[in-house]
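A structural walkthrough
Chain by chain, the residues run as shown.
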Amino acid sequence: QMQLVESGGGSVQAGDSLRLSCAASGRTFRAYAMAWFRQAPGKDREFAAAIKWPGIITYYADSVKGRFTISRDNAKNMVYLQMNGLKPDDTAVYYCAAGGVVDVTQGSTFDYDYWGQGTQVTVSS
């Protein structure tokens, strides 16, 4: 089992930045693809960004491309999501996820085996 714990969420104004962190423990972090998904009230969980092992290949949803950056620190078992130029539409609970065999271009929740509990991001206009 792998445990994932997100942190860094909060309430900000449009245009502000936030950095989300995800700490992984338990099962080895090595070789897992990591991703961030988000879920707004009344909507399905949607893919935001993913990063493959060891961290060279990344993939983003069109809605966040150019504004969000995913990264990982394999020595610390950490994954990050730097979010710049936040918009009210970015308001959601953000979830960290880990998957063993993942086509990151698909952005499917079914590819990911482990999930964190989520952290709330609220962006006001």
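Structure's up top.
Residues numbered from 1 in each chain as written. Predicted model: local features only at pLDDT ≥ 70, side-chain atom pairs only at ≥ 80, totals over all residues. Heavy atoms only, no water.

Re the overall build of the protein
- Regarding its fold elements, the protein presents 0 helices and 11 strands.
- Mapped in sequence order, the helices and strands of the protein form the string β-β-β-β-β-β-β-β-β-β-β.
- What you see for the protein is a C-alpha radius of gyration of 13 Å, in line with the 14 Å of a compact globule of 125 residues.
- For the C-alpha atoms alone, the extent of the protein along its principal axes is close to 40 × 25 × 25 Å.
- Within the protein, residue pairs in contact and separated by at least 24 positions form 58% of the contacts whose partners lie at least 6 positions apart.
- Accessible area for the protein stands at about 6,300 Å²; split by element, carbon and sulfur atoms hold 48% of it.
- Side-chain charges of the protein comprise 12 positive and 11 negative groups, with the mean position of each set lying 6 Å from the other. (Helix = DSSP H or I, 4+ residues; strand = E, 2+ residues; numbered from the N terminus. Rg over C-alpha atoms; globule rule 2.2 N^0.38 Å. Contact = heavy atoms within 4.5 Å. Areas by Shrake-Rupley, 256 points an atom, 1.4 Å probe, with all protein chains shown as cover. Lys, Arg positive; Asp, Glu negative; His and termini not counted. Charge placed at Lys NZ, Arg CZ, Asp CG, Glu CD.)

Here we look at the sheet that holds strand β1 (residues 2-7)
- A sheet is described by the order of its strands in space; here 4 strands give the open sequence β1-β3-β8-β7, paired in antiparallel fashion. Edge positions in the sheet fall to β1 and β7 (68-73), since each of these pairs with one other strand and no more. Each strand axis lies, on average, 15 degrees off the axis of its neighbour in the sheet, ignoring direction. (Pairing = 2+ DSSP bridges. Axes fitted to C-alpha atoms, helices over the stretch in contact; angles between N-to-C directions.)

Examining the nonpolar core
- Leu4, Met34, Trp36, Leu81, Met83 and Tyr94 are the most contacted members of the largest nonpolar core, which totals 40 residues.
- Secondary structure elements with two or more residues in this core: β1, β3 (18-26), β4 (33-39), β5 (46-51), β7, β8 (78-83), β9 (92-99) and β11 (119-124).
- Look past the residues within four positions of Tyr94 in its chain and what remains in contact with it is Glu6, Leu20, Trp36, Phe37, Arg38, Phe68, Leu81, Met83, Gly118, Thr119 and Val121. (Core = buried A, V, L, I, M, F, W, Y, C linked by side-chain atoms within 4.5 Å. Buried < 20%, exposed > 50% of the residue type's maximum accessible area, 1.4 Å probe, protein only.)

Regarding the packing of aromatic side chains
- The full count for this structure, using the stated rule, is 6 aromatic pairs.
- Every member of this aromatic cluster is reached through a ring pair, and the members are Phe37, Phe47, Tyr59, Tyr112 and Trp115.
- Sitting above the plane of the Tyr95 ring, Arg45 keeps its charged end 3.6 Å from the centroid.
- Here Arg45 stacks its cationic end above the ring of Trp115, 5.0 Å away from the centre of that ring. (Phe/Tyr/Trp six-rings, centres within 6.5 Å; stacked < 30°, edge-to-face > 60°. Lys NZ or Arg CZ within 6 Å of the ring centre and 35° of its normal.)

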